[in-house]
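Coordinate inspection notes
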Amino acid sequence: MAARLHTLCESRHIVLDDVFAPQDSVDLVVVGLGTAGADALITGARLGLRCLGVERQHGPGGLMTLGCVWDYYYGSSGGRWEELDRQAMLLSRVGNYTQCQKNPDEGRCIPGIVRTAVLEQAALKAGAELAYETTPCGVWVDGNKVCGLRLLRRGELRDVAAAVVIDASAGAAVLRLAGGTVIYGRDWDGAQMAFSKTIGDLNNGLARGCWAFCGFLSDPSAEELSRAILAASTKGPLKRHYGKGSRLLYNGAVLGQREEGHALCEDMLTWDDALAGKTPAKLLFYTFTPQDLTNMNGDYAYESDTMVDWRVLCGMQRYGFSAALSYDALLPKGFNGLLVVGKIMGMDHDLGGGLRMERDFRKAGEAAAVAAALAKKHGVALRDVPYDELAAELRASGCLNEEWRCGIADLHGTRRPNGVPTPAQLPTTAEEYIAALSQDIVSYRWHNSDVRLPAEERSPALALWAARELRRQPAAQRKAICDGIYAEISKDGPYAENLAIALGLAGDDRACAQLRRSVASPRPVPAGAYPNRHKALCLLGRLGDRDAVPLLLALVEDYAEAFCADLADDGPYARANHVNNALSYALFALAAINDRHHLAGLAERLRQWSQRPFVLPCGLNGDDRAPMLRDIVRRRFA
């Protein structure tokens, strides 16, 4: 079968009858020399492959260099990238470069220009060819085997044959050209994490990367992406820092997109599996990360139940989790000769909020290149690469280290000498649950890795998360703990709301009476806490509490004004954000209850409500969220 040229025309996949007559032939083409791609190219070349690196920008490193994200955090140690960073730290000192941290030996922050130079020199020294300001515009496919690319640079086309292509690009450029499947954003509406515009500036003698949240993108057209970049350049960090004693050093050349579409791969990793501690087949490495899903609108009602549990019901922001990357998550379904690395790897939206650390992507790039080298060595397809040999190579470099399978741990807690966090200890008795929940539950803000908070004694967040996990425990153990919590709720003490949230998370409907009281007569919200009344709305829906319907319906028809009247209005759109959250949780709760009980007249009453005119400016940029609320009614009460 002859190779055929696959490409896009007005965002549609088409196949052309051009004849494949490559000008060059290589073992490996890496498209996108960003955080993952640069390391893939260097590793492949050092392993003896004839390599071509394709990059639309003017240098390697992507966000960690040209995108001014110089100060990064978390992920797991080990891998070939560490030697490259040691070279960069040395160069930053002896080359008289402006530093971006007071102690350069710490290695957390390396000036972008230094890292760019080190990556480029390492690639060239290893024998790789670099093609900057170049973009793929077609993929040659023979059957299901990707066998080459058509490249465009300054108006000139070049066809290159390749044994393996690694797609490390933003937006899965190669996969989309080839007609592969890309999945975007969260399940409800495809929304992705917020993106940022970045700059590098000089402040107090240190170079630093600065950024500001600028909006949201999900599978944007060329026009939408261009408008977003232009708008971000005028209202982002340039405007925020101008005139405040900072000197502009560099305007970020790469848009700070925290999430791209995810390739449909042989293995689609999920956050639920990571939290359950499942180890995938063909493990490449473990990472440790916060859940950094950047939902700056705060509309978590539209996220998954697991995300709502972590961020809203339990308040687990000061805790991280370990997650595993599998080799099959780099193999796009339906193709041979193609690997994907970086943000586009096979994982769900939730896991993409964590498994996106700089170290993770660099290690994924290394693993992909090693796989390409083994495929050539053994003369096999990528899916048939001998895993034992791949794992041995990754262990030898430190990339694969099973010690990093540490589960949930405090981001600010103690660590072993090799940097692995100490696993968190969850409560195991009703008494321990009650002690942990008999205090105000502070909603921690997320912190960079250089911030250390005092140890948290009897963490209420961990107690709530442990209550959620009771659903996985034997029935007798779950009942004993829930009975103890319920007995304490019956005393109607000052922390009965906290205990009811725990009981509801455990799936025990004895929580419903207290949860209804939290909605009907909510208690004052302690400083720094997330309102328990919002949590109650969510759990009443989860538990299918029919008796809560009059309360929930009254709240919706009042537009949550009385419900939120006493909540803090301490920032732009703060009160409106509370209203939006209350309405969205209440509507989804009513939908869940209706699914279980099929309530006569409820759908028609809510449809009438949704037809009334109202606007609700809130979120990051004050956008009107009323259409999203109406959409809940339209879709869930059809």
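About the cut-offs
Residues numbered from 1 in each chain as written. Predicted model: local features only at pLDDT ≥ 70, side-chain atom pairs only at ≥ 80, totals over all residues. Heavy atoms only, no water. Salt bridge = Lys/Arg side-chain N within 4 Å of Asp/Glu carboxyl O. Helix = DSSP H or I, 4+ residues; strand = E, 2+ residues; numbered from the N terminus. Buried < 20%, exposed > 50% of the residue type's maximum accessible area, 1.4 Å probe, protein only. Contact = heavy atoms within 4.5 Å. Polar contact = N/O pair within 3.5 Å; in protein donor to acceptor, adjacent residues only side chain to side chain. Pairing = 2+ DSSP bridges. Axes fitted to C-alpha atoms, helices over the stretch in contact; angles between N-to-C directions. Disulfide = S-S within 2.5 Å.

1. Section: the pattern of salt bridges
Applying the stated criterion to the full structure yields 47 salt bridges. Of the charged contacts in the structure, one is a salt bridge between Arg150 and Asp18, with a shortest N-O distance of 3.0 Å. Of this pair, Arg150 sits in strand β7 (residues 145-153) while Asp18 sits in the loop between β2 (12-16) and β3 (24-31), and the two are 132 residues apart along the sequence. According to the relative accessible area criterion, Arg150 is buried, its value standing at 14%. For the salt bridge of Lys377 with Glu389, the shortest nitrogen-to-oxygen distance reads 2.6 Å. Linking Lys377 in helix α10 (residues 358-378) with Glu389 in helix α11 (residues 387-397), this pair joins segments that are 12 residues apart in sequence. The exposed category is assigned to Lys377, whose relative accessible area is 59%. Put simply, Asp305, Asp309, Arg468, Glu469, Arg471, Arg472 and Arg542 are held in one network by salt bridges that share partners.

2. Description of helix α8 (residues 305-313)
Among the 9 residues that make up α8, 8 are buried, leaving the element largely enclosed by the rest of the structure. Along α8, the residues classified as buried are Thr306, Met307, Val308, Asp309, Trp310, Arg311, Val312 and Leu313. At the C-terminal side of α8, Gly315 shows a positive phi close to 65 degrees.

3. Topic: the side chain of Arg318
Mapped onto the elements of the fold, Arg318 is located in the loop between α8 and β16 (319-326). What makes Arg318 buried here is its relative accessible area of 2%. In this structure, Arg318 is in contact with Asp410, Leu411, His412, Tyr444, Leu453, Pro454, Ala455 and Glu456, ignoring residues within four places of it in sequence.

4. Quick look at unusual backbone geometry
A positive phi angle, close to 55 degrees, is found at Ala172, a residue other than glycine. Among the structural elements, Ala172 can be located in the loop between β8 (156-167) and α4 (173-178). Using a relative accessible area of 0% as the deciding quantity, one classes Ala172 as buried. Phi at Lys282 is positive, roughly 55 degrees, even though this residue is not glycine. Relative to the assigned elements, Lys282 resides in the loop between α7 (271-275) and β15 (283-290).

5. Notes on the environment of Asn532
Position of Asn532 among the secondary structure elements: in helix α17 (residues 532-542). The residues contacting Asn532, other than those within four sequence positions of it, are Glu497, Asn498 and Ile501. Polar side-chain contacts of Asn532 include one of 2.9 Å to the side chain of Asn498.

6. Some remarks on the pairing of strand β11 (residues 206-216)
With 10 bridges connecting them, strand β10 (residues 194-203) and β11 associate as antiparallel partners. Across the sheet, Asp201 pairs through a bridge with Arg208, a residue of β11. Between β10 and β11, which pair antiparallel and follow one another directly, the connecting turn spans 2 residues, one of which, Asn204, has a positive phi of 55 degrees.

7. Digging into the sheet that holds β16
Consider a sheet: its strands pair through backbone hydrogen bonds, and that pairing is either parallel or antiparallel. Strand order across the open sheet formed by 3 strands is β15-β16-β18, with antiparallel pairing between neighbours. If you trace the sheet from one side to the other, it starts and ends with β15 and β18 (408-410), each paired once. When strand polarity is set aside, the average angle formed by the axes of neighbouring strands in this sheet is 30 degrees. With 7 bridges connecting them, β15 and β16 associate as antiparallel partners. Its bridge partner lying in β16, Phe285 is registered against Leu325.

8. Re the state of the cysteines
Under the definition given, this model contains 1 disulfide. The disulfide partner of Cys100 is Cys109, and the S-S distance across this bridge is 2.3 Å. For the disulfide bridge between Cys100 and Cys109, the dihedral angle about the S-S bond is near -125 degrees, and by the sign convention the bridge is left-handed. With a relative accessible area of 5%, Cys109 lands in the buried category. Looking at Cys51, it has no disulfide partner, and the nearest cysteine sulfur is the one in Cys399, 17 Å off.

9. Topic: the pairing of β10
Of all 10 residues that make up β10, 9 are buried, and the element is covered over most of its length. In the sheet, β10 pairs with strand β13 (residues 256-257) via 2 bridges, with the strands oriented antiparallel. The residue of β13 that forms the bridge with Phe195 is Gln257. Pairing geometry for β10 and strand β12 (residues 247-251), over 4 bridges, is antiparallel. Across the sheet, the residue bridging to Asp201 is Leu248, located in β12.

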